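# A look at the structure
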Amino acid sequence: MRRTFLTTAMRNTQKAYVALATICFLWGTTYLAARIGVAGFPALLFMALRNTTAGLLLLTFVVIRYRAVPVRWQDIKLQIIPGLCMITFGTGIVGWAVRFIPSGLAALICSLIPLFTIIIQLIIRPQDKLNGRIVLGMLMGFLGVLLVFRDHMNFMADRKSLMGIGVTLFSCLSFASGGLYTQTHRAQSHAFFNAAIQMLVGGPGLWVLSALAEDWQHLPSLSLTSGLALLYLIIFGSIVAFVSYLYAMSQLPAGLVSVYAYINPLVAIVLGYLILHEHVTWITGLAFAITMGGVYLVNKGYRRQQDKKRALVVAATEV
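Now for a look at the structure at hand.

### Comments concerning the overall build of the protein chain
What the protein chain contains, in helices and strands, is 14 helices and zero strands. When the helices and strands of the protein chain are listed from N to C terminus, the series reads α-α-α-α-α-α-α-α-α-α-α-α-α-α. Split by element, the accessible area of the protein chain, about 16,700 Å² in all, is 69% carbon and sulfur.

### Digging into empty space enclosed by the protein
One simple way to see leftover space: roll a probe sized like a water molecule over the atoms. According to the stated counting rule, one finds three cavities of 30 Å³ or more in the structure shown. Of the voids in this model, the second largest cavity is the one considered here, and its volume is about 60 Å³. For the second largest cavity, the lining is made up of 10 residues, of which Gly 104, Leu 105, His 279, Val 280 and Thr 284 are closest to its centre. When residues of the lining of the second largest cavity are assigned to their parent elements, the largest contribution, three residues, is made by helix 5 (residues 103-110).

### A few points about the packing of aromatic side chains
Within a pair of aromatic rings, the relevant descriptors are the distance that separates the centres and the angle that separates the planes. The full count for this structure, using the stated rule, is seven aromatic pairs. Both rings, one in Phe 89 and one in Phe 170, keep their centres 6.4 Å apart while their planes meet at 85°; by these two values the pair is edge-to-face. Placement of Phe 89 in helix 4 (residues 80-97) and of Phe 170 in helix 9 (residues 159-184) is noted, with a sequence separation of 81 residues between them. According to the relative accessible area criterion, Phe 89 is partly exposed, its value standing at 32%. The class for Phe 170 is partly exposed, based on a relative accessible area of 45%. Joined through ring pairs, the aromatic side chains of Phe 61, Phe 192 and Phe 242 make up one cluster.

Thresholds, definitions, all that
- Residues numbered from 1 in each chain as written.
- Predicted model: local features only at pLDDT ≥ 70, side-chain atom pairs only at ≥ 80, totals over all residues.
- Heavy atoms only, no water.
- Helix = DSSP H or I, 4+ residues; strand = E, 2+ residues; numbered from the N terminus.
- Areas by Shrake-Rupley, 256 points an atom, 1.4 Å probe, with all protein chains shown as cover.
- 1 Å grid on protein atoms, 1.4 Å probe; cavity = no way out; pocket = protein on both sides within 12 Å on 5 of 7 lines; lining within 4 Å.
- Points joined across faces, edges and corners; volume = space filled by probe spheres on them.
- Phe/Tyr/Trp six-rings, centres within 6.5 Å; stacked < 30°, edge-to-face > 60°.
- Buried < 20%, exposed > 50% of the residue type's maximum accessible area, 1.4 Å probe, protein only.

Spelled out as structure tokens, the structure:
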């Protein structure tokens, strides 16, 4: 009996590591897939199709898999703000930005989301004190951004490229805000259901943005390349990667799973260089190393801060 339990646990752990490797790779490829997909097709409409379709498929899976899904307006309402922040004004508008900037550059900028999260937390809760790791990590992160811009000075002279960088930075701020909202307003419904609703909120949000900003009267036909990229993003970028993420989080420590945030930009940079011949120099590599080091320190410092808070709470309850 014990041997069977240990064997099952080992198999689950092995599957969890496979799931972790899956998200490390798949989420790193989404920047490249989006850049390929939006070439020659309205970017916001492309991302609207991706998220709406993925949301419908995921919701269908939840209904079939779990049969009776209790639907409460309270649970749905809690997904509206994250859907708009993380889908519409988060990953959705990055799909527009990669029309004008390299996918690797977009991935590097998006790797700063943990830094934006800390900044927002400081604004919301100024009483929280920063430790040395967080401060050093934030300084390294901003230094990495400066190096990224130094390595892409040619984009500073182009208005659309500069706008693409600005939009990507705004998407980081929006995504971080949505993530913090989900932490402070936790829904009781299933994670798959929550993700499906977020996509079904964020997708229509992108439809609205597309209707306002893009010309629907002269829509080009979806090319085979864009169609395949869309299919890849729906199946692998949205559904497979998200399910893998949830499984990895259920079997492995959260700190270990967070390693995907350091690998995704590297995957995006390498693929962009190999497939789209995007510009990569030693400064890009240095910027990546410094930025990832900063993100690591911020995460490490924040976890240490949270551990201290929990220890104080435990000590107070024992008195």
